Amino acid sequence: MIERIWSGGSLLYLALLPLSWLYGLLSWLIRLSYRCGLRKSWRAPVPVVVVGNLTAGGNGKTPMVIWLVEHLQQRGYRVGVVSRGYGGKSAVYPLVLNQSTSTREAGDEPVLIYQRTGAPVAIAPKRAEAVQALLQQQPLDAIITDDGLQHYALQRDFELVVIDGVRRFGNGWWLPAGPMRERAARLGSVDARVANGGVAQAGEIAMRLQARDAVNLLSGERRPAAELTRVVAMAGIGHPPRFFATLEKLNVEVVQEVAFADHQEYQQPQLAALVTAEQTLLMTEKDAVKCRAFAQPNWWYLPVDAVLPSAQAEQLLQDIESLLTK
(Lines give C-alpha, C1' and ligand atoms only; values in the text may rest on other atoms or scores of the structure.)
Protein backbone atom coordinates (compact mmCIF):
# COMPACT_ATOMS: atom_id res chain seq x y z
CA MET A 1 0.00 0.00 0.00
CA ILE A 2 2.74 2.49 0.97
CA GLU A 3 4.53 1.92 -2.35
CA ARG A 4 1.29 2.69 -4.20
CA ILE A 5 0.80 5.89 -2.20
CA TRP A 6 4.38 7.02 -2.72
CA SER A 7 4.32 6.25 -6.43
CA GLY A 8 1.33 8.54 -6.97
CA GLY A 9 -1.06 5.66 -7.61
CA SER A 10 -3.34 6.56 -4.70
CA LEU A 11 -4.85 9.81 -3.47
CA LEU A 12 -4.48 8.63 0.13
CA TYR A 13 -1.29 10.70 0.27
CA LEU A 14 -3.50 13.77 0.64
CA ALA A 15 -4.49 12.67 4.14
CA LEU A 16 -0.81 12.49 5.11
CA LEU A 17 0.21 15.86 3.70
CA PRO A 18 -0.03 17.75 7.03
CA LEU A 19 2.50 15.33 8.53
CA SER A 20 4.71 15.75 5.47
CA TRP A 21 4.66 19.54 5.80
CA LEU A 22 5.68 19.15 9.42
CA TYR A 23 8.48 16.77 8.43
CA GLY A 24 9.69 19.21 5.78
CA LEU A 25 9.60 22.13 8.21
CA LEU A 26 11.57 20.26 10.85
CA SER A 27 14.13 19.13 8.27
CA TRP A 28 14.57 22.70 7.05
CA LEU A 29 14.95 24.02 10.58
CA ILE A 30 17.56 21.39 11.44
CA ARG A 31 19.64 22.19 8.38
CA LEU A 32 19.27 25.94 9.02
CA SER A 33 20.45 25.49 12.62
CA TYR A 34 23.74 24.01 11.38
CA ARG A 35 24.17 26.72 8.76
CA CYS A 36 23.65 29.44 11.35
CA GLY A 37 25.94 27.82 13.89
CA LEU A 38 23.19 27.13 16.41
CA ARG A 39 24.21 23.48 16.22
CA LYS A 40 27.82 22.45 15.95
CA SER A 41 29.11 20.24 13.17
CA TRP A 42 32.46 18.48 13.27
CA ARG A 43 35.07 18.46 10.52
CA ALA A 44 37.29 15.41 10.24
CA PRO A 45 41.02 15.84 9.63
CA VAL A 46 40.66 13.77 6.43
CA PRO A 47 38.21 14.21 3.53
CA VAL A 48 34.71 12.80 4.07
CA VAL A 49 32.63 11.46 1.18
CA VAL A 50 28.93 10.96 1.87
CA VAL A 51 27.03 8.39 -0.18
CA GLY A 52 23.36 9.01 0.52
CA ASN A 53 19.93 9.40 -0.99
CA LEU A 54 16.89 11.63 -0.92
CA THR A 55 14.31 8.88 -0.58
CA ALA A 56 13.47 6.17 1.92
CA GLY A 57 13.98 2.56 0.89
CA GLY A 58 16.67 0.74 -1.05
CA ASN A 59 18.40 2.75 -3.75
CA GLY A 60 21.70 0.93 -4.16
CA LYS A 61 23.86 2.93 -1.75
CA THR A 62 25.76 -0.05 -0.36
CA PRO A 63 26.96 -1.38 -3.75
CA MET A 64 28.04 2.18 -4.56
CA VAL A 65 29.98 2.43 -1.30
CA ILE A 66 31.70 -0.88 -2.02
CA TRP A 67 32.54 0.30 -5.54
CA LEU A 68 34.11 3.50 -4.23
CA VAL A 69 36.09 1.77 -1.52
CA GLU A 70 37.46 -0.88 -3.86
CA HIS A 71 38.46 1.60 -6.59
CA LEU A 72 40.15 3.97 -4.15
CA GLN A 73 41.97 1.02 -2.59
CA GLN A 74 43.19 0.01 -6.05
CA ARG A 75 44.67 3.50 -6.38
CA GLY A 76 46.59 3.03 -3.17
CA TYR A 77 44.41 5.01 -0.76
CA ARG A 78 43.60 3.95 2.78
CA VAL A 79 39.82 4.25 3.10
CA GLY A 80 37.59 3.82 6.14
CA VAL A 81 33.79 3.51 6.23
CA VAL A 82 31.37 4.78 8.85
CA SER A 83 27.67 4.08 9.22
CA ARG A 84 24.77 4.52 11.60
CA GLY A 85 24.59 0.75 11.79
CA TYR A 86 20.83 0.61 11.33
CA GLY A 87 19.36 -2.62 12.67
CA GLY A 88 22.31 -3.31 14.95
CA LYS A 89 22.24 -3.08 18.73
CA SER A 90 25.77 -2.77 20.05
CA ALA A 91 26.44 -2.65 23.79
CA VAL A 92 28.88 0.22 23.20
CA TYR A 93 29.38 2.95 20.62
CA PRO A 94 31.41 3.66 18.62
CA LEU A 95 31.93 0.08 17.49
CA VAL A 96 34.85 -0.79 15.22
CA LEU A 97 34.08 -3.98 13.33
CA ASN A 98 36.28 -7.07 13.40
CA GLN A 99 36.00 -10.63 12.10
CA SER A 100 33.75 -11.69 14.97
CA THR A 101 31.34 -8.72 14.84
CA SER A 102 27.80 -9.94 14.21
CA THR A 103 25.04 -8.30 12.21
CA ARG A 104 23.04 -8.21 15.43
CA GLU A 105 25.65 -5.82 16.83
CA ALA A 106 26.50 -3.76 13.78
CA GLY A 107 23.65 -4.17 11.31
CA ASP A 108 23.79 -6.01 8.00
CA GLU A 109 25.18 -3.34 5.67
CA PRO A 110 28.32 -2.47 7.71
CA VAL A 111 29.17 -6.17 8.07
CA LEU A 112 28.66 -6.69 4.32
CA ILE A 113 30.93 -3.75 3.48
CA TYR A 114 33.58 -4.98 5.92
CA GLN A 115 33.55 -8.51 4.55
CA ARG A 116 33.56 -7.46 0.89
CA THR A 117 36.25 -4.77 1.05
CA GLY A 118 38.39 -5.49 4.09
CA ALA A 119 38.30 -1.76 4.82
CA PRO A 120 38.10 -0.59 8.44
CA VAL A 121 34.45 0.04 9.35
CA ALA A 122 32.96 1.72 12.42
CA ILE A 123 29.39 2.46 13.45
CA ALA A 124 27.83 4.97 15.83
CA PRO A 125 24.64 7.04 15.98
CA LYS A 126 26.95 10.07 16.00
CA ARG A 127 29.06 9.46 12.93
CA ALA A 128 31.79 11.84 14.10
CA GLU A 129 32.49 9.40 16.94
CA ALA A 130 32.79 6.55 14.43
CA VAL A 131 35.26 8.58 12.36
CA GLN A 132 37.33 9.40 15.44
CA ALA A 133 37.39 5.74 16.47
CA LEU A 134 38.81 4.70 13.10
CA LEU A 135 41.43 7.43 13.05
CA GLN A 136 42.59 6.50 16.55
CA GLN A 137 43.36 2.99 15.33
CA GLN A 138 45.15 3.75 12.05
CA PRO A 139 45.98 6.51 9.57
CA LEU A 140 43.47 6.93 6.76
CA ASP A 141 43.35 9.02 3.61
CA ALA A 142 39.56 9.30 3.40
CA ILE A 143 36.30 8.39 5.10
CA ILE A 144 33.23 7.21 3.22
CA THR A 145 29.96 7.38 5.09
CA ASP A 146 27.27 4.90 4.08
CA ASP A 147 24.12 7.02 4.19
CA GLY A 148 24.13 10.21 6.26
CA LEU A 149 23.30 12.83 3.64
CA GLN A 150 20.93 14.39 6.19
CA HIS A 151 23.37 13.92 9.12
CA TYR A 152 24.66 17.49 9.16
CA ALA A 153 26.51 17.05 12.44
CA LEU A 154 29.34 15.63 10.32
CA GLN A 155 30.83 18.01 7.77
CA ARG A 156 31.52 16.58 4.35
CA ASP A 157 33.79 17.36 1.43
CA PHE A 158 31.89 15.48 -1.27
CA GLU A 159 28.24 14.46 -1.53
CA LEU A 160 27.12 11.65 -3.83
CA VAL A 161 23.41 10.88 -4.12
CA VAL A 162 22.20 7.51 -5.39
CA ILE A 163 18.82 7.66 -7.14
CA ASP A 164 16.55 4.74 -7.91
CA GLY A 165 16.47 5.18 -11.67
CA VAL A 166 13.16 3.31 -12.00
CA ARG A 167 11.12 4.66 -9.09
CA ARG A 168 12.85 8.06 -9.07
CA PHE A 169 11.14 10.29 -6.47
CA GLY A 170 7.62 8.91 -6.55
CA ASN A 171 5.05 11.62 -5.90
CA GLY A 172 7.81 13.98 -4.73
CA TRP A 173 6.47 14.62 -1.24
CA TRP A 174 8.27 14.41 2.09
CA LEU A 175 7.67 11.45 4.37
CA PRO A 176 5.13 10.05 5.17
CA ALA A 177 2.93 11.21 2.23
CA GLY A 178 5.82 10.51 -0.14
CA PRO A 179 9.24 8.87 -0.09
CA MET A 180 11.33 12.04 0.21
CA ARG A 181 13.73 12.78 3.07
CA GLU A 182 14.59 16.00 1.25
CA ARG A 183 12.97 17.45 -1.84
CA ALA A 184 14.52 16.93 -5.28
CA ALA A 185 15.83 20.51 -5.32
CA ARG A 186 18.55 19.29 -2.94
CA LEU A 187 20.22 17.64 -5.94
CA GLY A 188 21.34 21.09 -7.04
CA SER A 189 23.84 21.28 -4.18
CA VAL A 190 25.40 17.81 -4.35
CA ASP A 191 28.64 16.91 -6.12
CA ALA A 192 27.52 13.79 -7.99
CA ARG A 193 24.29 12.02 -8.87
CA VAL A 194 24.19 8.32 -9.71
CA ALA A 195 21.07 6.67 -11.17
CA ASN A 196 20.76 3.00 -10.28
CA GLY A 197 18.89 1.32 -13.14
CA GLY A 198 16.31 2.94 -15.39
CA VAL A 199 17.44 5.76 -17.65
CA ALA A 200 19.94 8.28 -16.27
CA GLN A 201 18.84 11.87 -16.75
CA ALA A 202 21.00 14.87 -17.63
CA GLY A 203 23.85 15.29 -15.16
CA GLU A 204 23.47 11.77 -13.73
CA ILE A 205 25.91 8.88 -13.91
CA ALA A 206 24.26 5.64 -15.00
CA MET A 207 24.80 2.68 -12.70
CA ARG A 208 23.68 -0.91 -13.02
CA LEU A 209 24.04 -3.89 -10.72
CA GLN A 210 25.82 -6.84 -12.30
CA ALA A 211 25.34 -10.24 -10.74
CA ARG A 212 28.25 -12.55 -10.09
CA ASP A 213 27.99 -16.34 -9.82
CA ALA A 214 25.83 -17.60 -6.98
CA VAL A 215 27.75 -18.68 -3.87
CA ASN A 216 26.90 -21.51 -1.48
CA LEU A 217 26.74 -20.21 2.10
CA LEU A 218 28.33 -23.34 3.57
CA SER A 219 30.86 -24.57 1.03
CA GLY A 220 31.69 -21.38 -0.85
CA GLU A 221 31.07 -23.19 -4.14
CA ARG A 222 30.30 -20.87 -7.03
CA ARG A 223 28.12 -21.54 -10.04
CA PRO A 224 25.99 -19.53 -12.49
CA ALA A 225 22.63 -18.73 -10.88
CA ALA A 226 20.80 -20.16 -13.90
CA GLU A 227 22.19 -23.61 -13.01
CA LEU A 228 20.32 -23.62 -9.68
CA THR A 229 17.05 -25.52 -9.82
CA ARG A 230 13.66 -25.07 -8.15
CA VAL A 231 14.71 -21.81 -6.56
CA VAL A 232 12.88 -20.12 -3.71
CA ALA A 233 14.08 -16.51 -3.91
CA MET A 234 14.10 -14.41 -0.74
CA ALA A 235 15.08 -10.81 -0.16
CA GLY A 236 15.03 -8.64 2.93
CA ILE A 237 16.19 -5.40 1.33
CA GLY A 238 14.75 -1.96 0.76
CA HIS A 239 13.19 -2.93 -2.58
CA PRO A 240 12.90 -6.74 -3.00
CA PRO A 241 11.39 -6.57 -6.53
CA ARG A 242 14.79 -5.42 -7.80
CA PHE A 243 16.34 -8.71 -6.70
CA PHE A 244 13.54 -10.78 -8.18
CA ALA A 245 13.84 -8.88 -11.48
CA THR A 246 17.56 -9.64 -11.55
CA LEU A 247 16.86 -13.36 -11.21
CA GLU A 248 14.34 -13.20 -14.03
CA LYS A 249 16.94 -11.58 -16.30
CA LEU A 250 19.38 -14.37 -15.41
CA ASN A 251 16.77 -17.00 -16.38
CA VAL A 252 16.75 -18.50 -12.90
CA GLU A 253 14.05 -21.12 -12.32
CA VAL A 254 12.17 -19.40 -9.49
CA VAL A 255 9.23 -21.32 -8.02
CA GLN A 256 8.47 -18.83 -5.26
CA GLU A 257 9.39 -15.26 -4.26
CA VAL A 258 9.51 -14.30 -0.58
CA ALA A 259 9.95 -10.67 0.45
CA PHE A 260 10.95 -9.69 3.98
CA ALA A 261 11.27 -6.28 5.61
CA ASP A 262 14.54 -4.43 5.18
CA HIS A 263 17.08 -5.35 7.89
CA GLN A 264 14.97 -8.36 8.85
CA GLU A 265 16.49 -10.53 11.58
CA TYR A 266 16.24 -14.21 10.66
CA GLN A 267 15.98 -17.46 12.59
CA GLN A 268 17.06 -20.83 11.20
CA PRO A 269 13.62 -22.56 11.46
CA GLN A 270 11.97 -19.60 9.76
CA LEU A 271 14.12 -19.91 6.62
CA ALA A 272 14.43 -23.71 6.66
CA ALA A 273 10.65 -23.89 6.38
CA LEU A 274 10.74 -22.02 3.07
CA VAL A 275 12.34 -24.83 1.09
CA THR A 276 12.24 -28.60 0.77
CA ALA A 277 15.38 -30.72 0.47
CA GLU A 278 14.97 -30.72 -3.33
CA GLN A 279 14.69 -26.95 -3.60
CA THR A 280 17.28 -24.16 -3.45
CA LEU A 281 17.06 -21.08 -1.25
CA LEU A 282 18.64 -18.12 -3.04
CA MET A 283 19.07 -14.83 -1.20
CA THR A 284 20.84 -11.49 -1.49
CA GLU A 285 24.34 -11.05 -0.12
CA LYS A 286 22.94 -8.62 2.43
CA ASP A 287 20.70 -11.42 3.74
CA ALA A 288 23.53 -13.95 3.61
CA VAL A 289 25.71 -12.12 6.14
CA LYS A 290 22.93 -12.70 8.69
CA CYS A 291 22.47 -16.40 7.87
CA ARG A 292 25.95 -17.93 7.63
CA ALA A 293 25.98 -19.12 11.24
CA PHE A 294 22.99 -21.45 10.66
CA ALA A 295 23.05 -21.99 6.89
CA GLN A 296 21.95 -25.24 5.27
CA PRO A 297 23.64 -27.01 2.31
CA ASN A 298 21.00 -25.85 -0.18
CA TRP A 299 21.28 -22.14 0.72
CA TRP A 300 22.95 -19.82 -1.79
CA TYR A 301 23.37 -16.07 -2.24
CA LEU A 302 23.87 -13.82 -5.26
CA PRO A 303 26.58 -11.13 -5.01
CA VAL A 304 26.18 -8.04 -7.17
CA ASP A 305 28.63 -5.35 -8.22
CA ALA A 306 27.96 -1.75 -9.17
CA VAL A 307 29.03 -1.01 -12.75
CA LEU A 308 29.49 2.55 -14.05
CA PRO A 309 30.44 3.80 -17.55
CA SER A 310 34.24 3.93 -17.69
CA ALA A 311 34.63 7.60 -18.64
CA GLN A 312 32.18 8.84 -16.00
CA ALA A 313 33.61 6.47 -13.41
CA GLU A 314 37.10 7.80 -14.05
CA GLN A 315 35.94 11.41 -13.75
CA LEU A 316 34.14 10.66 -10.49
CA LEU A 317 37.24 9.02 -9.04
CA GLN A 318 39.42 11.92 -10.17
CA ASP A 319 37.05 14.43 -8.53
CA ILE A 320 37.28 12.55 -5.24
CA GLU A 321 41.01 11.91 -5.61
CA SER A 322 41.61 15.65 -5.98
CA LEU A 323 40.35 16.04 -2.40
CA LEU A 324 42.75 13.41 -1.11
CA THR A 325 45.86 14.99 -2.58
CA LYS A 326 45.38 18.52 -1.26
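Here the structure is a predicted model, which is why all the values come from computation and not from measurement.

Participant: Explain the overall build of the protein to me, and be specific about the residues and the numbers.
Facilitator: A count of helical and extended segments in the protein gives 10 helices and 15 strands. Relative to a compact globule of 326 residues, whose C-alpha radius of gyration would be 20 Å, the protein shows 20 Å and is just as compact. Projected onto the principal axes, the alpha-carbon positions of the protein cover approximately 60 × 50 × 45 Å. Across the 326 residues of the protein, 53% fall into the buried class. Considering only residue pairs separated by 6 or more positions, the protein has 73% of its internal contacts joining residues 24 or more positions apart.

Participant: Please give an account of the UniProt feature "transmembrane region" (unreviewed entry) in the protein that cites residues and values.
Facilitator: The UniProt feature table records "transmembrane region" (unreviewed entry) at residues 12–34. Secondary structure content for residues 12–34 is 96% helix and 0% strand, while the C-alpha to C-alpha distance between its ends is 34 Å.

Participant: Report on the environment of Ser-7, specifying residues and quantitative values.
Facilitator: The residue Ser-7 is located in the loop between helix H1 (2–6) and helix H2 (13–35) in this model. Between the alpha carbons of Ser-7 and Thr-246 there is a distance of 21 Å; along the sequence they are 239 residues apart.

Participant: Let's hear about the pairing of strand E2 (residues 79–83): which residues, and what values?
Facilitator: In terms of residue burial, E2 counts as a mostly covered element, since five of its five residues are buried. Because side chains alternate across E2, one face comprises the buried residues Val-79, Val-81 and Ser-83, and the other comprises Gly-80 and Val-82, equally buried. As paired strands, E2 and strand E5 (residues 142–146) are joined by five bridges and run parallel to one another. The residue bridging Gly-80 from the neighbouring strand is Ile-143, located in E5.

Participant: Run through the layout of surface pockets, naming residues and quoting values.
Facilitator: What the largest pocket holds in volume is close to 1,200 Å³. Surrounding the largest pocket, 46 residues form its lining, Asn-53, Gly-57, Lys-61, Asp-147 and Arg-181 being those nearest its centre. Taken together, the residues of the lining of the largest pocket sort by class into 15 nonpolar, 17 polar and 14 charged.

Participant: Any details on the pattern of salt bridges? Residues and values, ideally.
Facilitator: Side chains that differ in sign of charge can pair as their charged atoms come close. The full count for this structure, using the stated rule, is 19 salt bridges. One salt bridge in this structure joins Glu-182 and Arg-186, with 3.2 Å as the shortest N-O distance. Judged by its relative accessible area of 11%, Glu-182 falls in the buried class. In this structure Arg-186 comes out as buried when scored by relative accessible area, which is 5%.

Participant: Requested: an account of the sheet that holds strand E11 (residues 231–235), with residues and values cited.
Facilitator: Reading across from one edge, E10-E9-E14-E13-E11-E12 is the order of the six strands in this open sheet, with mixed pairing throughout. Strands with a single pairing partner mark the edges of an open sheet, and in this sheet they are strand E10 (222–223) and strand E12 (254–259). Sheet topology places strand E9 (residues 214–216) next to strand E14 (residues 299–302); two bridges connect them, and they run antiparallel. From the neighbouring strand, Val-215 faces E14, where its bridge partner is Tyr-301. Helix-sheet contacts for helix H7 (residues 240–249) involve E11, E12, strand E13 (280–284) and E14, and the interaxial angle to E11 is about 150°.

Participant: Please provide a residue-by-residue account of the nonpolar core, values included.
Facilitator: In this structure, Met-64, Trp-67, Leu-68, Ile-144, Leu-160, Leu-308 and Leu-316 are the most contacted members of the largest nonpolar core, which totals 40 residues. The biggest single contributor to this core is helix H3 (residues 61–74), with seven residues. Setting aside its immediate chain neighbours within four residues, Trp-67 contacts Ala-306, Leu-308, Ala-313, Leu-316 and Leu-317. Judged by nonpolar contacts, the second largest core, of 24 residues, contains Ala-128, Ile-143, Leu-149 and Leu-154.

Participant: Before we move on, could you go through the sheet that holds strand E4 (residues 121–123) and cite the residues and values that matter?
Facilitator: Spatial strand order, E3-E4-E2-E5-E1-E6-E7-E8-E15: nine strands in an open sheet with mixed pairing. Across the chains shown, the open sheet's two edge strands, defined by having one partner strand only, are strand E3 (95–96) and strand E15 (304–307). When strand E1 (residues 48–52) meets strand E6 (residues 158–164), the two strands line up parallel, connected through four bridges. Across the sheet, residue Val-51 finds its bridge partner in E6, namely Leu-160.

Conventions we followed
Residues numbered from 1 in each chain as written. Predicted model: local features only at pLDDT ≥ 70, side-chain atom pairs only at ≥ 80, totals over all residues. Heavy atoms only, no water. Helix = DSSP H or I, 4+ residues; strand = E, 2+ residues; numbered from the N terminus. Rg over C-alpha atoms; globule rule 2.2 N^0.38 Å. Buried < 20%, exposed > 50% of the residue type's maximum accessible area, 1.4 Å probe, protein only. Contact = heavy atoms within 4.5 Å. UniProt positions renumbered as here; feature names shortened; annotations may be inferred. Pairing = 2+ DSSP bridges. 1 Å grid on protein atoms, 1.4 Å probe; cavity = no way out; pocket = protein on both sides within 12 Å on 5 of 7 lines; lining within 4 Å. Points joined across faces, edges and corners; volume = space filled by probe spheres on them. Nonpolar A, V, L, I, M, F, W, Y, C, P; charged D, E, K, R; others polar. Salt bridge = Lys/Arg side-chain N within 4 Å of Asp/Glu carboxyl O. Axes fitted to C-alpha atoms, helices over the stretch in contact; angles between N-to-C directions. Core = buried A, V, L, I, M, F, W, Y, C linked by side-chain atoms within 4.5 Å.

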